[in-house]
Amino acid sequence: KTDTVCGIVIEPVQQADIGTWSCQYLINGQWISEETDIDIVNNEIEIDGPVRTDEMIQNGEIVLKPNNMITILPNVGSEFKVDFDLYLSELGGKQWTSILLFAVDMGLRDPIKYGDRIPGVFMYDKKLYICSAINGNSNTCMEEIEIKLKKWTYVEICQHVLNGKLTFEILIDGKSVYKKVNTKPCLFKNVKVFAGEFLKMPHNGKIRNLHFSTTDKTNGGACVVDYTPTPVPSSGYISKDPLVLKKDHLITVLPFLGSQYKITFDLYLSSYGDKPVYSVLHFTQNGDATTYGDRNPAIWISREKKVLVCSAINGMLNFPVYSQPTFPLKTWMPVVISQTLVDKKIIYEVKINGVTLISMENNQPQLFQAVKVYAGDPWYLAQDGKIKNLKVLTQDDRECIDQCLAV
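What you see is a predicted model, and the numbers here were worked out from it, not measured in a lab.

**Concerning the overall build of the chain**
Then comes step 1: Across its full length, the chain holds zero helices and 33 strands.
Then comes step 2: Within the chain, buried positions represent 50% of all 407 residues.
Then comes step 3: Counting contacts in the chain only where the partners sit at least 6 residues apart, residues at least 24 apart contribute 67% of the total.
Then comes step 4: Accessible area of the chain: about 18800 Å², with a carbon and sulfur share of 47%.

**Some details on the packing of aromatic side chains**
Then comes step 1: Enumeration according to the criterion identifies twelve aromatic pairs in this entry.
Then comes step 2: Measuring from centroid to centroid gives 6.4 Å for W96 and F122, while their planes differ by 85°, and the two rings are edge-to-face. Remark: F122 occurs in strand 11 (residues 120-124) and W96 occurs in the loop between strand 9 (79-88) and strand 10 (97-103); sequence separation between them is 26 residues.
Then comes step 3: Residue classification places W96 among the partly exposed positions, given a relative accessible area of 36%.
Then comes step 4: Note on F122: relative accessible area 1%, which makes it buried.
Then comes step 5: An angle of 70° between the planes, with centres 4.8 Å apart, marks the rings of W96 and Y129 as edge-to-face. Of this pair, W96 sits in the loop between strand 9 and strand 10 while Y129 is found in strand 12 (residues 127-134), placing the two residues 33 residues apart along the sequence.
Then comes step 6: The rings of W96, F122, Y124 and Y129 are connected pair by pair, giving a single aromatic cluster.

**A look at the nonpolar core**
Then comes step 1: If you look at the biggest cluster of nonpolar residues, it comprises 44 residues, and the most contacted ones within it are F84, I99, L100, F102, L128, F188 and I207.
Then comes step 2: When residues in this core are grouped by element, the largest group, five residues, is from strand 9.
Then comes step 3: L128 has contacts with L86, I99, V121, F122, M123, M142, E143, E144, I145, I147 and I172, leaving out every residue within four places of it along the chain.

**Some points on the pattern of salt bridges**
Then comes step 1: Using the criterion set out here, one finds ten salt bridges in the structure.
Then comes step 2: Between R208 and D85 there is a salt bridge whose closest N-O contact spans 3.2 Å. One end of the pair, R208, is in strand 19 (residues 205-215); the other, D85, is in strand 9, with 123 residues separating them in the sequence.
Then comes step 3: The class for R208 is partly exposed, based on a relative accessible area of 27%.
Then comes step 4: The exposure class of D85 is buried, given its relative accessible area of 12%.
Then comes step 5: E304 is the partner of R303 in a salt bridge, and the nearest nitrogen-oxygen pair spans 3.8 Å.
Then comes step 6: For R303, a relative accessible area of 45% corresponds to the partly exposed category.
Then comes step 7: Note on E304: relative accessible area 48%, which makes it partly exposed.
Then comes step 8: Salt bridges sharing partners connect three or more residues here, namely D105, K113 and K372.

**Overview of the sheet that holds strand 32 (residues 368-374)**
Then comes step 1: A sheet is described by the order of its strands in space; here six strands give the open sequence 23-32-25-26-27-28, paired in antiparallel fashion. The open sheet has two edge strands, strand 23 (250-257) and strand 28 (316-322), and neither has a second partner. Put simply, the sheet's adjacent strands are angled 20° from each other on average, direction ignored.
Then comes step 2: Of the pairings in the sheet, the one linking strand 27 (residues 307-313) to strand 28 comprises five bridges and is antiparallel in character. Along strand 28, the bridge assignment pairs L308 with Y322.

**A word on the environment of N362**
Then comes step 1: The topology assignment puts N362 in the loop between strand 31 (355-361) and strand 32.
Then comes step 2: On the basis of relative accessibility, which here comes to 1%, the residue N362 falls in the buried class.
Then comes step 3: Sequence-distant contacts of N362, defined by excluding residues within four places in its chain, comprise Y292, A312, I313, N314, Q339, I346 and Y348.
Then comes step 4: Within the structure, N362 has its side chain in polar contact with the side chain of Q339 (distance 2.8 Å).

**Things to note about the state of the cysteines**
Then comes step 1: Using the criterion set out here, one finds two disulfides in the structure.
Then comes step 2: With its sulfur 1.9 Å from that of its partner, C186 forms a disulfide with C223. Measuring the twist about the S-S bond at about 75°, one finds the C186-C223 disulfide to be right-handed. Of this pair, C186 sits in the loop between strand 16 (175-181) and strand 17 (187-194) while C223 sits in the loop between strand 19 and strand 20 (224-225), and the two are 37 residues apart along the sequence.
Then comes step 3: C186 sits in the buried class, given a relative accessible area of 1%.

**Structural notes on the pairing of strand 9**
Then comes step 1: Among the ten residues in strand 9, nine count as buried, and that is most of the element.
Then comes step 2: Relative to strand 19, strand 9 runs antiparallel, the two being bridged by nine bridges. Residue pairing across strands places L88 opposite G205, the latter belonging to strand 19.
Then comes step 3: Across seven bridges, the pairing between strand 9 and strand 14 (residues 153-162) is antiparallel. Of the residues in strand 14, the one forming a bridge with F80 is Q159.

Cut-offs and rules
Residues numbered from 1 in each chain as written. Predicted model: local features only at pLDDT ≥ 70, side-chain atom pairs only at ≥ 80, totals over all residues. Heavy atoms only, no water. Helix = DSSP H or I, 4+ residues; strand = E, 2+ residues; numbered from the N terminus. Buried < 20%, exposed > 50% of the residue type's maximum accessible area, 1.4 Å probe, protein only. Contact = heavy atoms within 4.5 Å. Areas by Shrake-Rupley, 256 points an atom, 1.4 Å probe, with all protein chains shown as cover. Phe/Tyr/Trp six-rings, centres within 6.5 Å; stacked < 30°, edge-to-face > 60°. Core = buried A, V, L, I, M, F, W, Y, C linked by side-chain atoms within 4.5 Å. Salt bridge = Lys/Arg side-chain N within 4 Å of Asp/Glu carboxyl O. Pairing = 2+ DSSP bridges. Axes fitted to C-alpha atoms, helices over the stretch in contact; angles between N-to-C directions. Polar contact = N/O pair within 3.5 Å; in protein donor to acceptor, adjacent residues only side chain to side chain. Disulfide = S-S within 2.5 Å.

Next up, the structure:
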């Protein structure tokens with residue numbers, strides 16, 4: 001019997017493993033703690049990460065400012081309450097400004113992920129907007145809440161059981177102004193809290209008495225959203241077993257992908273489709289093709305039955321390489337995409353089924369952090385097929401300046 005607790009593989013499971021494990025994670029330079037209960041029932045390990053949080057995040061006043069991350073919460077469960085006092089120095093105009101953001105990733109668009117506003121509080125056109133992840137919609141918003149100017153206003157954002165149904169509710173100075181039943185709650189892990197995010201200008205104002213509490217009774221761990229980076233095993237294997245490609249299939253988040261890397265996998269195509277492209281594998285910092293590193297690399301199959309590989313090369317965020325031959329269906333094909341140091345130059349190379357598609361210098365290689373790996377990305381239909389033996393070898397540029405691993 002084996003299992004994984006706090007990122008540690010337990011093999012074999014023994015009576016000595018029973019009890020409470022205290023797990024500590026280093027996320028964005030900040031240590032956070034989480035407790036996990038371990039038990040053995042009928043010779044099977046049972047893991048229960050208790051989600052019981054009730055804390056005053058900060059008593060004093062917090063002036064809103066750009067990219068102001070104030071803490072990381074281990075969990076935001078199906079039931080939660082965020083309450084605080086809000087003071088607006090001005091109402092603002094027709095520009096979105098940020099007040100408070102709880103985000104399972106970074107709150108970035110393209111797209112807004114489920115849990116990137118859990119919740120988010122904004123101002124626009126002199127009105128308060130409060131948004132959250134509800135019923136599968138990552139950006140359900142209560143719009144145009146009137147708020148007082150230059151006076152403290154008490155804001156409560158709750159998700160709790162009312163009349164037997166899990167209900168998202170907003171209260172302003174104790175008065176309920178919005179309710180909506182949420183049929184798709186999740187447990188969001190390692191949620192970052194910003195008093196002013198970095199994509200929007202912070203509103204001219206401040207908050208105080210920021211309090212948070214949560215449980216996960218309704219969800220019970222059935223839905224978990226976690227973008228916490230997971231170290232790659234020394235072997236480099238992310239998955240040896242076949243993975244069926246499907247849309248929005250996040251399989252891991254790498255702590256980093258360095259300037260030098262070697263990505264290998266076997267590809268099996270079941271059929272070709274008539275859409276422009278179908279997603280196979282996508283390494284991205286966040287979105288589809290917004291910033292350098294959003295495709296590094298990304299692989300699709302085109303309706304012309306060609307393999308398309310895009311990467312961040314020489315300052316181009318979407319440098320494309322097409323295969324010339326049409327590859328056979330229902331046959332495993334090896335794919336190798338790499339960047340290696342050769343004679344003090346970083347050489348980018350793509351090989352499919354033993355055929356080299358390109359080998360060229362990348363004069364703007366870069367270390368990318370918190371890289372999400374999708375076997376079928378969120379933006380395109382997934383290719384009809386599967387991959388296996390997915391392996392990533394890389395090294396942190398911050399530890400590897402002149403000499404890097406031979407990949």
